[in-house]
Amino acid sequence: MNVFDWLSHMDVPTGQRFDVAEVKFKGGRKEYFRNINQLEFVTGDYVVCEMASGQHIGTVSLQGELVRLQMKRKNVVISDDMHVIYRVATEKDLDKHTQAMAREMPTLYRTREIIREMKLNMKLSDVEFQSDNTKTTFYYSSEERVDFRELIKMLASEFKVRIEMRQISLRQEASRLGGLGSCGRELCCSTWLTDFKNISTAAARYQNLSLNPAKLSGQCGRLKCCLNYELETYIDALRDIPTVDAPLKTKKGVATLQKTDIFKKIMWFGFDKDTNWYPVAIDKVLEIIELNKKDIIPESLEILTPQAEKTLDKVPGKLNSDLENLDRKYSEEQKKKKKKKSRSGKNKANPNNPNKPQAQASPPAQK
């Protein structure tokens, strides 16, 4: 809602200045007023503006050539019927404005009691008093048509002002009240968002979000406006991802699509009685789909994982193979030692062995 005047440091001749200023009121409402008296003020000053009935005080939010661009963007035409800025607000004007603002909360609570007594199906969200205490605007929301003619009579007789009832949507109500979103930041509608577009559950489906109303709804009770921020990016990324209408058939079993990583171009599948999910690249998924159409069943999805998964699996396999080679080497050496021992044992047990050399007879002992 705040606009930075990046032309404020440029001096423009008085005769060439754009004589329309943008003034901001309560709830982020902005209107355009003509500065026919060529008053000198800066952004943030309080000014007394002309209204349809009486006067109201607001703050200058923008002036100069940027106002011309804003009016062109919003299709606002300059005419003689446009209201004007009377003067820069004095201390007396600001005191009256403060007194009018102090009446807003008691009036809001009292009006809610009257609505409850009359059993009207409407929700009163905000009250705005005009600075001269001649008019009060009541902002309410309702899902059906409300007959508030009797309510206006009661309010006019109790508060002694001119009453205006203005119906707003739930999104506009949230923008006026403000608050913090689930992201931890201030609501977009109360800080910078002015155009409220239609949001459908298809936006959540395109982004693979769970269709949980508690998580997808904002402060207003409607779908979050931020669901539309990245929708076009997701739609462009989904053009390359195939639609899997039926489970993939493999010899290991039937694989069902569990989730899709849209930007990494990977689809995760799982088997019926297996808790593991197997990542498969999109081109491999297309190959399996074409094979299934030709009644050809591949071996398994495990061999069709992306290249990154294969490189990770090779490292532990190589280490295990080296250990197996060492075990095989030592086991063969132990077998050779056992064979040598068994042969030497047999030769000792068989004295008639022809291969064994015979011992020579010792000479007889001499006396």
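Calculation rules
Residues numbered from 1 in each chain as written. Predicted model: local features only at pLDDT ≥ 70, side-chain atom pairs only at ≥ 80, totals over all residues. Heavy atoms only, no water. Helix = DSSP H or I, 4+ residues; strand = E, 2+ residues; numbered from the N terminus. Buried < 20%, exposed > 50% of the residue type's maximum accessible area, 1.4 Å probe, protein only. Polar contact = N/O pair within 3.5 Å; in protein donor to acceptor, adjacent residues only side chain to side chain. Contact = heavy atoms within 4.5 Å. Pairing = 2+ DSSP bridges.

**Q** What exactly am I supposed to notice about the side chain of aspartate 126 here?
**A** Along the chain, aspartate 126 turns up in strand β6 (residues 123–129). Accessibility expressed as a relative area gives 11% for aspartate 126, which makes it buried. Reaching out from aspartate 126, the side chain makes a polar contact with the side chain of lysine 26 at a distance of 3.2 Å. At a separation of 2.9 Å, a polar atom in the side chain of aspartate 126 contacts the side chain of arginine 176. Apart from residues no more than four positions distant in its own chain, aspartate 126 is found in contact with Lys26, Leu108, Thr137, Phe138, Tyr139 and Arg176.

**Q** Where do I start with the sheet that holds strand β10 (residues 254–261) in this structure?
**A** In any sheet, the strands associate via hydrogen bonds between backbone groups, in a parallel or an antiparallel arrangement. Strand order in the open sheet formed by 4 strands is β9-β10-β11-β12, with antiparallel pairing between adjacent strands. Either end of the sheet is taken by a strand with one partner, and the two such strands are β9 (248–249) and β12 (277–281). In terms of strand pairing, strand β11 (residues 266–271) meets β12 through 5 bridges, oriented antiparallel. Across the sheet, glycine 270 pairs through a bridge with tryptophan 277, a residue of β12.

**Q** Explain the pairing of strand β3 (residues 46–50) to me, please; I cannot follow it from the model alone.
**A** Each regular strand displays side chains that alternate between the two surfaces of the sheet. Both β3 and strand β4 (residues 55–63) contribute to a ladder of 5 bridges, which runs antiparallel. Paired with tyrosine 46 across the strands is threonine 59, a residue of β4. As paired elements, β3 and strand β5 (residues 85–88) share 3 bridges and run antiparallel to each other. Bridge pairing in β5 places cysteine 49 opposite isoleucine 85.

Geometry only, nothing functional implied.
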